[in-house]
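Residue strings, one per chain:
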Amino acid sequence: MEQTPRSERLHIVLYGCTNSGKSSLINALTGQTVSLVSDTPGTTTDPVSKAMELPGLGACVLIDTAGFDDTNESLGKLRIDRTRRTLQSADIAIVVLSSEELSPELEWITQLQEKNIPVIPVFNKADIHACPDALRTTLKEKTGLSPIIVSAHTGFGMDTLLETLRSTNTRTQSAETITGSLVSEGDTVLLVMPQDAQAPKGRLILPQVQTIRELLDKGCLPICCTPDTMKQALDALQHPPKLIITDSQAFKNVYEIKPAASLLTSFSILFAAYKGDIDSFVQGAQAIASLTPHSKVLIAEACTHAPVTEDIGRVKIPALLRKRISSSLQIEIVSGKDFPEDLTPYDLIIHCGACMFTRKMVMNRSERAQQQHVPMTNYGITMAYLTGILDKVALP
């Protein structure tokens, strides 16, 4: 991997009315033409993202959004809905101010503050006219914030904005690692990785890459094999590995031949803890026992890809659930950033390992499920439960 995964980057989202200067500001921050700048309202439609390295902030994703005052009859609501979705992953919000009234801006700043997202208000057109005193006063009275005055065109105030971004950034990488306390320096770790239709030829999937890199950083001895070559790999070792990490769909076969002295877990379970609330996910899996032929299950995967015959979320888990419960069990599947606001129609939510999502987004979904009293678990924990070995796998 040549770049920091997007899920590990600081997410900075720009909000504002149409033609407030969001696109020109993001272009000034990146030093590139990332977003199209135009006097025509509604030029920015879907959120536009750019992965960057910013001084003092490191790996970031800058996201330009559609104006939240979009009045287009056919697309305005859709654009605003897509802008609202970015609240799930925003680490810092830049709200670009455009008028003295600040009606829509104040509404959005309130939403952001209620979600504990740090807000930086910016007046971006200092080269055209001065920031109105009334705007400063209203903003301070209503939000307790003061605007940063900049000009994306001339560069005025951009150093101040970058410094404010650096001082506002409170996001730190979780003290928890992917493998947690399961391994330490010098431990041998066997990674059993099926190379099926979901594994692109010539590449490893992201959880495998990130886990291998962490094991190397910890001073462990990672050894890779496929389920077919696992026995040979074990025979080649002088001692059993401290930990065996496998793909969840291979749990049953790997468990049957693993040494008794070796711990066993899966990439999905590791990421359940790294990205979300592992305890609530384990508890959520118990809801499988209460499912009936009339129950409804939601399967949520972070990736958006064409289904394949070996797909764990779209094929294998639904087949195992229906075999256990009933062929009439209702199962719905969503992907990417699609996730229902109302979760109450579902009796269980099963989420993927979410390697493509930030921890903040996964925790947001988990918290929403808890608030609506809907149990939630993940792929790996589900597979371990259905295989009958959940109490025998190692949790980070």
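Residue numbers run consecutively from 1 along every chain, following the written order of its sequence. Totals for whole chains, interfaces and linings use all residues, but because this is a predicted model, local features are given only for residues with pLDDT of at least 70 and pairs of side-chain atoms are given and counted only at 80 or more. Hydrogens and water are ignored here; the side-chain numbers use all heavy atoms of the structure.

Identification of the chain as GTP-binding protein from Porphyromonas canoris is taken from an unreviewed UniProt entry.

Now for the nonpolar core. We call a set of buried Ala, Val, Leu, Ile, Met, Phe, Trp, Tyr and Cys residues a nonpolar core when their side-chain atoms join them within 4.5 Å. A simple rule labels every residue: compare its accessible area, found with a 1.4 Å probe on the protein chains alone, to the largest value its type can have, and call it buried under 20%, exposed over 50%, or partly exposed in between. Residues V297, L321 and I381 are the most contacted members of the largest nonpolar core, which totals 56 residues. Element by element, the count of residues in this core is highest for helix 13 (residues 379-387), at six residues. Counting residues in hydrophobic clusters, the runner-up holds 24 residues, among them I80, A93, C131 and L145. Numbered from the N terminus, helices here are DSSP runs of H or I no shorter than four residues, and strands are runs of E no shorter than two.

A low pLDDT means the predicted coordinates there should not be read in detail. The quantity called pLDDT is the predictor's confidence in a given residue, expressed from 0 to 100. Scored by pLDDT, the chain has a mean of 87; 88% of the residues are at 70 or more. Residue contacts are defined here by distance: any two heavy atoms, one from each residue, within 4.5 Å place the two residues in contact. Between residues 35-44, whose pLDDT stays under 50, and residues either more than four places distant or in other chains, the model counts 23 contacts.

A few words on the sheet that holds strand 14 (residues 376-378). Any two strands with at least two DSSP-identified bridges between them are counted as paired. Pairing in this open sheet of four strands is parallel, and the strands run 12-11-13-14 from one edge to the other. Strands with a single pairing partner mark the edges of an open sheet, and in this sheet they are strand 12 (330-335) and strand 14. The average undirected angle you get between the axes of adjacent strands in this sheet is 25°. Alignment of strand 11 (residues 296-301) against strand 12, held across six bridges, turns out to be parallel. Following the sheet pairing, L298 is matched in strand 12 by E332. All axes are obtained by fitting lines to C-alpha atoms, using only the stretch in contact for helices, and the reported angles, taken between N-to-C directions, cover 0 to 180 degrees. Lying over the sheet, helix 13 contacts strand 11, strand 13 (348-351) and strand 14, oriented at roughly 85° with respect to strand 14.

Before going further, it helps to examine the side chain of T265. By secondary structure assignment, the location of T265 is in strand 10 (residues 263-266). Of the polar contacts made by the side chain of T265, one reaches the backbone oxygen of A394; its length is 2.9 Å. Contacts of T265, omitting those with residues within four sequence positions, involve L182, L243, I244, I245, T246, F251, L270 and A394. In protein, a polar contact requires one atom able to donate a hydrogen and another able to accept it; more generally it is a pair of N or O atoms within 3.5 Å, and residues adjacent in sequence count only if both atoms are side-chain atoms.

One can expect most non-glycine residues to show negative phi and most peptide bonds to be in trans. Despite not being glycine, N19 has its phi angle at roughly 60°, a positive value. Secondary-structure assignment places N19 in the loop between strand 1 (10-16) and helix 1 (22-30). Unusually for a residue other than glycine, A354 sits at a positive phi of about 60°. Within the secondary structure layout, A354 lies in the loop between strand 13 and helix 12 (359-371).

All of the buried residues in helix 4 (residues 133-143) are L135, L139 and T143. For helix 4, the angular spread of the buried residues around the axis is 30°, confining them to a single face. What points out from helix 4, more than 90 degrees from its buried face, is the exposed set D133 and E141. Tucked into the core, helix 4 has its buried residues touching strand 4 (92-97), helix 3 (103-114) and strand 5 (119-124). Of the residues trailing helix 4, G144 is marked for its positive phi of about 80°. Arc definition: it is the arc formed by the directions from the helix axis to the C-beta atoms.

Turning our eyes to something else, we now look at the side chain of D311. With respect to the helices, strands and loops of the structure, D311 is situated in the loop between strand 11 and helix 11 (312-324). Only four residue types enter the charge count, namely Lys and Arg as positive and Asp and Glu as negative; His and the chain termini do not. The working definition used for a salt bridge is a side-chain nitrogen of Lys or Arg within 4 Å of a carboxyl oxygen of Asp or Glu. The buried charged residue D311 lacks any salt bridge, with R314 as its nearest oppositely charged partner at 4.6 Å. A distance of 2.8 Å separates a polar side-chain atom of D311 from the backbone nitrogen of R314.

Attention now moves to the pairing of strand 3 (residues 58-64). Within strand 3, six of the seven residues are buried, which leaves it mostly tucked inside the rest of the structure. Alignment of strand 1 against strand 3, held across five bridges, turns out to be parallel. Residue I12 lies in a different strand from strand 3, and its bridge partner there is L62. With seven bridges connecting them, strand 2 (residues 48-54) and strand 3 associate as antiparallel partners. By the bridge assignment, V48 is partnered in strand 3 with D64.

Moving on: helix 1. Of all nine residues in helix 1, seven are buried; the element is thus mostly enclosed. Within the sequence span of helix 1, burial applies to K22, S23, L25, I26, N27, L29 and T30. Positive backbone phi, at 70°, marks G31, one or two positions downstream of helix 1.

Turning our eyes to something else, we now look at the pattern of salt bridges. One pass over the structure, following the stated rule, counts 14 salt bridges. In this structure, the salt-bridge partner of R213 is D217, at a minimum N-O distance of 3.0 Å. In this pair, R213 and D217 are both assigned in helix 6 (residues 206-217), four residues apart and thus about one turn of the helix distant. The same class applies to R213 and to D217, which are both exposed.

Right, let's get into the sheet that holds strand 3. Read from one edge to the other, the open sheet built from six strands follows the order 2-3-1-4-5-6, with strand pairing classed as mixed. Every other strand in the sheet has two partners, leaving strand 2 and strand 6 (148-150) as the edge strands with one partner each. Strand after strand, the sheet turns through a mean of 25° between neighbouring axes, direction not considered. Relative to strand 4, strand 1 runs parallel, the two being bridged by five bridges. Paired with Y15 across the bridge in strand 4 is V95.

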